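# Close look at the chain arrangement
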Amino acid sequence: MKKILCYIYNGMADFEISLLLHRLKNTGKYEIVSVSESLEPFYAQSGLQYLAQMKIADIGSTAAYDALIIPGGPINNEQNAICPVAKEMIAANKLTAAICFAPQFLGRAGILRNYRFTTSCSEEKIKSLGLEDPFYRPNYVEARTVTDRNLITAKGYAFVDFAELVCDYLNIFENEQQKYEQLGRVKE
């Protein structure tokens, strides 16, 4: 079975990935495997409680997975357990997709030094939080979405665009009509 890792964590913006995960599971027939630092329940920004299926430490090899999806959430320079997984996925030329503030993990993994990206997190926001900037700003692109090889990044408000890009990358739609019916989008 085709599998996708989805990193979930306390305070994540679950709305940014809901449409995407729904399409990947139901149209693409992917098994979505949620991973986190622990198996303790936590709350997303929506107020919904989540429980990961697997601890990050128990993933082992990423060879069985086709992609890694990371939703946005609060900046936390101490939250790094997913970074080696993202680095391994990128090195294996597997899709890694991060939305809103989620490219922070890719920045701390060193990935953004070699890829163009976008994020909703501005330099001003980082300064206001008094945190170290995890983003490699010379590769930042001011755009709703950025695709650079096997990396897709998006601003938080571009969650439909994000879903479309990931679904297109993984080629889950049989045709443009199906894509239109499921995302309301067609190629122009």
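For the structure, check the block above.
For the structure given in this document, a descriptive report is provided here.

About the thresholds
Residues numbered from 1 in each chain as written. Predicted model: local features only at pLDDT ≥ 70, side-chain atom pairs only at ≥ 80, totals over all residues. Heavy atoms only, no water. Buried < 20%, exposed > 50% of the residue type's maximum accessible area, 1.4 Å probe, protein only. Helix = DSSP H or I, 4+ residues; strand = E, 2+ residues; numbered from the N terminus. Arc of directions from axis to C-beta. Contact = heavy atoms within 4.5 Å. Salt bridge = Lys/Arg side-chain N within 4 Å of Asp/Glu carboxyl O. Pairing = 2+ DSSP bridges. Right-handed = clockwise from strand over helix to strand, strands pointing away.

### Describing helix 2 (residues 83-91)
Two residues of an α-helix separated by three or four positions point the same way, owing to the 3.6 residues in each turn. Along helix 2, the residues that are buried comprise Cys83, Val85, Ala86, Met89 and Ile90. Angular distribution of buried residues about the axis of helix 2 spans 160°; they occupy a single face of the element. Exposed residues pointing more than 90 degrees away from the buried face of helix 2 are listed as Pro84 and Ala91. Where helix 2 is buried, its residues meet strand 1 (3-7), strand 6 (67-70), strand 7 (95-99), helix 3 (103-108) and strand 9 (151-154). Just downstream of helix 2 lies Asn93, where phi reads positive at about 60°.

### Remarks on the pattern of salt bridges
Evaluated as defined, the whole model comprises seven salt bridges. A salt bridge links Asp161 to Arg144, with the shortest nitrogen-to-oxygen separation between them at 2.9 Å. Of this pair, Asp161 sits in helix 5 (residues 159-169) while Arg144 sits in the loop between helix 4 (123-129) and strand 8 (145-148), and the two are 17 residues apart along the sequence. When the shortest N-O distance is used, the salt bridge between Lys179 and Asp168 registers 2.8 Å. Taken together, the residues span a long stretch of sequence, with Lys179 in helix 6 (residues 176-183) and Asp168 in helix 5 at a distance of eleven residues. Given the relative accessible area of 30%, Asp168 is considered partly exposed. Three or more residues are tied together by salt bridges with common partners; here these are Arg116, Asp148 and Arg149.

### Description of the pairing of strand 2 (residues 31-36)
Within strand 2, five of the six residues are buried, which leaves the element mostly enclosed by the surrounding structure. In terms of strand pairing, strand 1 meets strand 2 through five bridges, oriented parallel. Among the inter-strand pairings, Leu5 is bridged to a residue of strand 2, identified as Val33. Viewed along the sheet, the connection from strand 1 through helix 1 (residues 15-26) into strand 2 turns out right-handed. Summarising the sheet, strand 2 and strand 5 (residues 54-55) pair through two bridges and their orientation is parallel. Its bridge partner being in strand 5, Val35 is matched across the sheet by Met54.

### Describing helix 6
Within the sequence span of helix 6, burial applies to Gln178, Lys179 and Leu183. All buried residues of helix 6 fall inside an arc of 105° around its axis, so they share one side. Directly after helix 6, the chain includes Gly184, whose backbone phi takes a positive value near 70°.

### Points about the sheet that holds strand 6
Two strands in a sheet stick together by hydrogen bonds in their backbones, pointing the same way (parallel) or opposite ways (antiparallel). Strand order in the open sheet formed by seven strands is 5-2-1-6-7-9-8, and the pairing between neighbours is mixed. Of all the strands in the sheet, just strand 5 and strand 8 have a single pairing partner and so form its edges. Pairing geometry for strand 6 and strand 7, over four bridges, is parallel. Bridge pairing links Leu68 to Thr96 in strand 7.

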